[in-house]
Amino acid sequence: MQEKELILPTREIKPREKGLTILIDKGVPLSFFKDTISSFSDYIDLVKFGWGTSLVTNSLHQKIECLRNHSIEFFFGGTLFEKFLSQGKVEHYYDYCKQFECNYVELSNGTVAIDNSEKAKFISEFSQEFIVFSEVGKKDVTEANAQDSLTWLEYIQQDIQAGATKVILESRESGTSGICREDGNIRMDILDLILDASIPVETLIFEAPTKKMQTYFIKKLGMDVNLANISLQDVISLETLRLGLRSDTFNIFKLEGILNERQ
């Protein structure tokens, strides 16, 4: 009898440690947010309230309640941490995260001019109370281009040693800075050095707001690559890329490899 069911790569069920899809909420209306979360919760691992949007989102409590109802974790953008830091109010940021009963925090130095070793101290402190995602990379294009690959590798290793559970590789919500050039192309000098250093891929989270970047990382690192800064509109689109159900990744999963996984 002819097999009717398609053979597709097998995705881990939630809660996942790899293959994370992390959405970014830039301040979408509450109804759209709720519809997206309730419709696609199986494919969403975390939601980041981008940069400082949480401070001016009137419906923040309702959004967080929606996420909790669907067992989806959340955190606030690293830029918000940096804003508190720039005013010498890190303890207030800690209180802010505790107020919303956050389990995760993102700590970064993409905008403020602090040494990475200072950021690592905050990682060590916050990791006593939270699951810490650190972020490496500058948001300003000129500063980002000036960071060489060895610096990236040093900072990633430093953050992990300080207690970061995972390290986010910056590309902004536009995909035009950090690990990317202004034209959206990946800086291969950085990526190749990181991969050659044998850092476990599952400890890295790649910001990939565009289909071009999502496709690249899936082709390069497999369907279980951790991807962040995914728009709420792209949940299903990304999942089809992971499963080879879209032309861009149609041929990357070998049938025999999938069969071996199923046996």
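Small disclaimer: the values here were computed from a predicted structure and weren't measured.

(A) Local environment of helix α9 (residues 211–221). Those residues of α9 not exposed but buried are Met213, Gln214, Thr215, Phe217 and Ile218. Close packing links the buried residues of α9 with α8 (188–196), β7 (204–207), β8 (226–230) and α10 (235–242). Positive backbone phi, approximately 100°, marks Gly222, located one or two places after α9.

(B) Layout of the packing of α8 against α9. Orientation of α8 relative to α9, taken along the N-to-C sense of each, is 30°, at an axis distance of 13 Å. Judged by the angle between their axes, α8 and α9 are roughly parallel. As α8 packs across α9, the resulting crossing turns out to be right-handed. Between α8, through Met188, Leu191, Asp192 and Leu195, and α9, the contact on the second element is made entirely by Tyr216, Phe217, Lys220 and Leu221.

(C) Spatial organisation of the packing of aromatic side chains. Per the counting criterion, the structure on display carries 20 aromatic pairs. Arranged with centres 5.0 Å apart and planes meeting at 45°, the rings of Phe76 and Tyr96 form a pair that is tilted. Residue Phe76 is found in strand β3 (residues 73–76), and its partner Tyr96 is found in helix α4 (residues 90–99); the two are separated by 20 residues along the sequence. Residue class for Phe76 comes out buried when judged on its relative accessible area of 1%. For the cation-ring pair, Lys98 lies above Phe130, with the distance from its terminal atom to the ring centre recorded as 5.1 Å.

Thresholds, definitions, all that
Residues numbered from 1 in each chain as written. Predicted model: local features only at pLDDT ≥ 70, side-chain atom pairs only at ≥ 80, totals over all residues. Heavy atoms only, no water. Buried < 20%, exposed > 50% of the residue type's maximum accessible area, 1.4 Å probe, protein only. Helix = DSSP H or I, 4+ residues; strand = E, 2+ residues; numbered from the N terminus. Contact = heavy atoms within 4.5 Å. Axes fitted to C-alpha atoms, helices over the stretch in contact; angles between N-to-C directions. Parallel < 35°, antiparallel > 145°, perpendicular 65-115°, else oblique. Left-handed = near helix turned anticlockwise from the far one by under 90°. Phe/Tyr/Trp six-rings, centres within 6.5 Å; stacked < 30°, edge-to-face > 60°. Lys NZ or Arg CZ within 6 Å of the ring centre and 35° of its normal.

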